[in-house]
Amino acid sequence: MKFINPYLFIVTTFFLVSCTSQKEKLSLKDAYKNDFLIGTALNAGQIEAKNAKEDSLIKKEFNAITAENIMKSMYVHPQKDQYDFALSDKYVAYGEKNKMFIHGHTLIWHSQLAPWMEKIADSTEMKAFMKDHITTIVSKYKGRINSWDVVNEALNDDGTLRQSVFLKTLGEKYLIDAFKLAAKADPKVDLYYNDYNIEEPAKRAGAIALIKKIKAAGGKIDGVGIQGHWRLESPSIEEIEKSILEYSALGIKVAFTELDITVLPNPWDLKGADVNQKFEGNAKMNPYPEKLPDSIQTKLAERYASIFKLFLKHKDKISRITFWGVYDGQSWLNDWPIKGRTNYPLPFDKDLKHKPAYESILKLKKKEE
Ligand code: XIL
């Protein structure tokens, strides 16, 4: 009978144990802790910690949170004289309990408005709405919410101002007023302009002009949020890099606030994230209902790696990278712009397991060591 060398046994066991615990310790937020915040968007169930597995993944991997829906005006301000803060109170408490960076999404946005807001037709009423809405919400969470999307999606793809209910009633001054009202309610909170496709040249030029205008009028704006609802092939790394450089040259922080990468075909080459665009589906538009083919899985991992490589290169200009959702099964891209598809846009799969995309994002940090 052969004897096991006790020395070798101890060394091997120690090695295996330390490898496993090392693996368990690794997380996105820890790996990137000296670079920028790593965030996720929480739905109502996640805010209420209804699923223990999801909850522990959120706490392990992320140090920043955004509310995916519950702070939008239709939920938080359903009637003119009625606010509903039940879930947003829980959201802020969740972030505080877990020592996370808490982002507010969003104050002034033309989508997901309460029906009574859509009916506002004159400037006096709209002015009163903006003042009441922004002041009430921002003051309520003063010193507890760390940054706000003050205005979301005010631009068209050509860089002109969107004909929203706000622009129609108040003219472009509403943008400056919104930032001033938010700064007055909480002078220390970081204030962001947030939009999709603002890494594309025409819309980027529009966003830069808008940010300059807000600053010139004495508004406080601390950052720009590039949503980052992207595709495997576009936007190019070059355009994203130009955007980081041009926005940060304005003296503001750059955040990527709603990152996800669709792997599904898009109708008419649709780009962006206009939540009001909806299309009929068919089998051709939902090619991977069961499983993502390995070749696409690899492409997605490579795409995430090249994006995060760029983020690391410019970490001094970037405040936060937030994924739009915790895992694939929960992503809004399963239902937008076509309902009922199976998409694979995030680093965690439908069973909350790490995807190759997750490993590729972590590997960049291991290489740096
Ligand atoms: C999306 C949510 O993820 C969906 O659950 C909801 O049905 C529609 O809105 N830009 C934004 C986000 O600023 O608020 C949107 O979120 C996605 C596009």
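Provided above is the structure to which this section pertains.
On a predicted model such as this, the values are computed, not experimentally measured, just so you know. (Residues numbered from 1 in each chain as written. Predicted model: local features only at pLDDT ≥ 70, side-chain atom pairs only at ≥ 80, totals over all residues. Heavy atoms only, no water.)

(A) The arrangement of the pattern of salt bridges in detail. Applying the stated rule across the entire model yields 25 salt bridges. A salt bridge links Asp294 to Lys291; the nearest nitrogen and oxygen atoms lie 3.3 Å apart. Residue Asp294 is classed as exposed on the basis of its relative accessible area of 56%. (Salt bridge = Lys/Arg side-chain N within 4 Å of Asp/Glu carboxyl O. Buried < 20%, exposed > 50% of the residue type's maximum accessible area, 1.4 Å probe, protein only.)

(B) Layout of empty space enclosed by the protein. The tally for this structure, following the rule as stated, stands at two cavities of 30 Å³ or more. Estimated volume of the largest cavity: approximately 100 Å³. In terms of lining, the largest cavity is formed by 14 residues, of which the most central are Thr262, Asn266, Gly272, Leu333 and Trp336. Where the lining of the largest cavity is concerned, the elements lending two or more residues are strand E7 (229-231) and strand E8 (253-262). Approximately 30 Å³ is the volume attributed to the second largest cavity. Every residue lining the second largest cavity is listed: Ile108, Trp109, His110, Val151, Asn152, Glu153, Ala154, Ser164, Phe166 and Tyr174. Looking at the lining of the second largest cavity residue by residue, the classes come out as six nonpolar, three polar and one charged. (1 Å grid on protein atoms, 1.4 Å probe; cavity = no way out; pocket = protein on both sides within 12 Å on 5 of 7 lines; lining within 4 Å. Points joined across faces, edges and corners; volume = space filled by probe spheres on them. Helix = DSSP H or I, 4+ residues; strand = E, 2+ residues; numbered from the N terminus. Nonpolar A, V, L, I, M, F, W, Y, C, P; charged D, E, K, R; others polar.)

(C) Examining the layout of surface pockets more closely. Approximately 540 Å³ is the volume attributed to the largest pocket. Surrounding the largest pocket, 24 residues form its lining, Asn69, Gln112, Val275, Trp332 and Trp336 being those nearest its centre. A per-class count over the lining of the largest pocket returns six nonpolar, eleven polar and seven charged.

(D) Geometry of the packing of aromatic side chains. Here the structure, examined in full by the defined rule, presents 17 aromatic pairs. For the ring pair Phe62 and Phe348, a centre distance of 6.2 Å and an interplane angle of 65° mean the geometry is edge-to-face. Residue Phe62 is located in the loop between helix H4 (52-61) and strand E2 (64-67), and its partner Phe348 is located in the loop between strand E9 (318-323) and helix H14 (356-368); the two are separated by 286 residues in the primary sequence. Relative accessible area serves as the criterion here: at 1%, Phe62 is assigned to the buried category. In this structure Phe348 comes out as buried when scored by relative accessible area, which is 0%. Among the aromatic residues, those joined into a ring-pair cluster are Tyr32, Phe36, Phe62, Trp230, Phe256, Tyr304, Phe308, Phe311, Phe323, Phe348 and Tyr358. If you follow Lys203 out to its NZ or CZ, it ends over the ring of Tyr196, 3.9 Å from the centre. A cation over a ring is seen here: Lys365 above Tyr32, with NZ or CZ 5.6 Å from the ring centre. (Phe/Tyr/Trp six-rings, centres within 6.5 Å; stacked < 30°, edge-to-face > 60°. Lys NZ or Arg CZ within 6 Å of the ring centre and 35° of its normal.)

(E) Summary view of the nonpolar core. The biggest cluster of nonpolar side chains holds 102 residues, and the ones touching the most others in it are Ile108, Trp148, Tyr247, Phe256, Phe308, Phe311 and Phe323. It is helix H10 (residues 173-185) that contributes the most residues to this core, nine residues altogether. With residues near it in sequence (within four places) discarded, Phe256 still touches Ile226, Trp230, Ile240, Ile244, Phe311, Ile318, Arg320, Ile321 and Thr322. Counting residues in each nonpolar core, the second largest holds 13 residues, with Ala41, Ala273, Leu333 and Ile338 among its members. (Core = buried A, V, L, I, M, F, W, Y, C linked by side-chain atoms within 4.5 Å. Contact = heavy atoms within 4.5 Å.)

(F) The arrangement of the site of the ligand in detail. Near the ligand lie 15 residues; those nearest to it are Glu68, Asn69, Lys72, His105 and Glu258. Between the ligand and the protein, one listed contact pairs a nitrogen atom with a side-chain N or O atom of Gln227 at 3.2 Å. Bound to the protein, the ligand loses 84% of the 420 Å² it would expose on its own. Using a 2 Å cut-off from the grid points, one finds that the ligand occupies the largest pocket. A breakdown of the residues in the shell around the ligand according to their chemical character gives five nonpolar, six polar and four charged. (Near = heavy atom within 4 Å. Polar contact = N/O pair within 3.5 Å; in protein donor to acceptor, adjacent residues only side chain to side chain. Areas by Shrake-Rupley, 256 points an atom, 1.4 Å probe, with all protein chains shown as cover. Sits in = over half its atoms within 2 Å of the grid points.)

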